[in-house]
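# Fold and contact review
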Amino acid sequence: MKTKTRFFTGLKCRECGKAYPPDPIHVCGFCFGPLEINYDYEAIQPILTRACIESRPPTMWRYRELLPIEGEVTVGAYVGYTPLMKADRLAKQLGVREVWVKNDTVNYPTLSFKDRVVSVALSRAKEFGYDIVACASTGNLANSVAANAASAGLKSYIFIPADLEPGKVLGTLVYGTNLVGIHGTYDQVNRLCSEIGGRYKWAFVNINIRPFYAEGSKAMAYEIAEQLGWKLPDNIVVPMAGGSLITKIDKAFKEFTKLGLVSEHPTKIHGAQPEGCSPIINAVKEGTEIFRPVGKPDTIVKSLAIGNPADGYYAINTINRTGGYGENPCDQEVVEGIKMLAECEGVFAETAGGTVVSATRRLIESGKISRDESVVLCITGHGLKTKEAVDGHCGAPQTINPSLNEFEELLAQAKHA
Ligand SMILES: Cc1ncc(COP(=O)(O)O)c(C=O)c1O
Ligand SMILES: [Zn+2]
């Protein structure tokens, strides 16, 4: 008898609830609401026990019944299960009881959490029979689609704002993709991609197969719960661009609770965006449910520079419903956040990580995160991809000739400095 491998039943509109088959579609034909994957939790519960999960290899696919592919994983089989690090030095610096760093800077293969969503998206794209995959990206998604498409033997087209960091551009080109830089903002890139998607039969990972793609983010939260010893944290701080990751973390915690894998615990889910592009945080601070899009993002945090976030409305709802809040540090604080994490914990994060650290500092100082609680920081991308952000902020090496005397002079000077 063939083992059952498909545990999702289809798609469902998040607004009106209308059901759809699990096809490459993302919008409800009746109310234009976004579509979401529906699972058969009764079938999953007896299979996906703690013992079953713990017996599987340390990748995000240990939760495969909760991820929307039909057969076995074909793209990104090694993604996930990144370290959850107890960050005591950072906790002391921030003045809070317990800090954990979920370190997706070492995710495989392209050093960001986007490898999670791409693994699901490309595995599902292959099941649909596509041979060309595509995306609109602020950088990390570009890296991941290019790498994973290369290893899967798929052709890829990738669209980015032309002014991305050189590390993100080179870290895409190296995989031999078709990279198109657009003179414009991410939102303009995305709009163009919707038009291209209407004309060509490609799997646009964050457009027509977005419902499948977005589910990959849940694995970050499943791992956190398991790595905390099958517990949910008091607080979690999540970087936001389109606002998808934060809503999927909420969904994942709810699913684990529903399946009895963790006990019910009220985690406050907080959001982080940079000051120069913070439509979701502005709405949270103003107490409104509707965000105002940012026309021209102006920040060094290019990975989070989405002015019109597709899941913005749901991200605001997640934050408010869970009792969370949000913060939007300025570029200088982003740099300070990158340095604080590096100096305290030896983790070099990209600008999105600096945004999370500084947002957390503000949330603790304002009392939104209580000093006697635990907090998990979602650190989603590696610092070598955005190294120009800290150029000129870390000093320079002291250079000497290869001479013991010169070294001792240098030591003596340091002592007197
Ligand atoms: C490093 C990093 N963190 C967080 C995010 C936010 O993801 P989302 O668009 O799901 O809000 C992104 C998105 O590009 C990213 O690149
Ligand atoms: Zn609908």
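Residues numbered from 1 in each chain as written. Chains lettered and ligands numbered in written order. Predicted model: local features only at pLDDT ≥ 70, side-chain atom pairs only at ≥ 80, totals over all residues. Heavy atoms only, no water.

Ordered by their spatial adjacency, 4 strands build an open sheet running 8-7-6-9, and the pairing between neighbours is parallel. Edge positions in the open sheet fall to strand 8 (178-182) and strand 9 (203-204), since each of these has one partner strand only. Two strands pair when backbone bridges link them, and strand 6 (residues 132-136) and strand 7 (residues 155-161) are joined in this way by 5 bridges, in the parallel orientation. Looking across to strand 7, one finds that Ala-136 is bridged to Phe-159. Sitting on the sheet, helix 7 (residues 186-199) touches strand 6, strand 7, strand 8 and strand 9, and the angle it makes with strand 7 is about 145°. (Pairing = 2+ DSSP bridges. Helix = DSSP H or I, 4+ residues; strand = E, 2+ residues; numbered from the N terminus. Contact = heavy atoms within 4.5 Å. Axes fitted to C-alpha atoms, helices over the stretch in contact; angles between N-to-C directions.)

Another point: the domain arrangement of the protein. Domain annotation for the protein reports domain 1 (1-72), domain 2 (84-110 + 217-389) and domain 3 (114-215). Centre-to-centre, using C-alpha coordinates, domain 1 lies 22 Å away from domain 3. It is Pro-24, His-26 and Met-60 that lose the most area in domain 1 upon contact with domain 3, and together they represent 37% of the buried surface on that side. Counting across the interface, domain 1 meets domain 3 through 1 salt bridge. With a shortest N-O distance of 3.2 Å, Arg-124 and Glu-70 are connected by a salt bridge. At the boundary of domain 1 with domain 3, the tally comes to 8 residue pairs in polar contact (both at pLDDT 80 or more). (Domains from an automatic or database assignment. Buried area = accessible area lost by both parts, 1.4 Å probe. Salt bridge = Lys/Arg side-chain N within 4 Å of Asp/Glu carboxyl O. Polar contact = N/O pair within 3.5 Å; in protein donor to acceptor, adjacent residues only side chain to side chain.)

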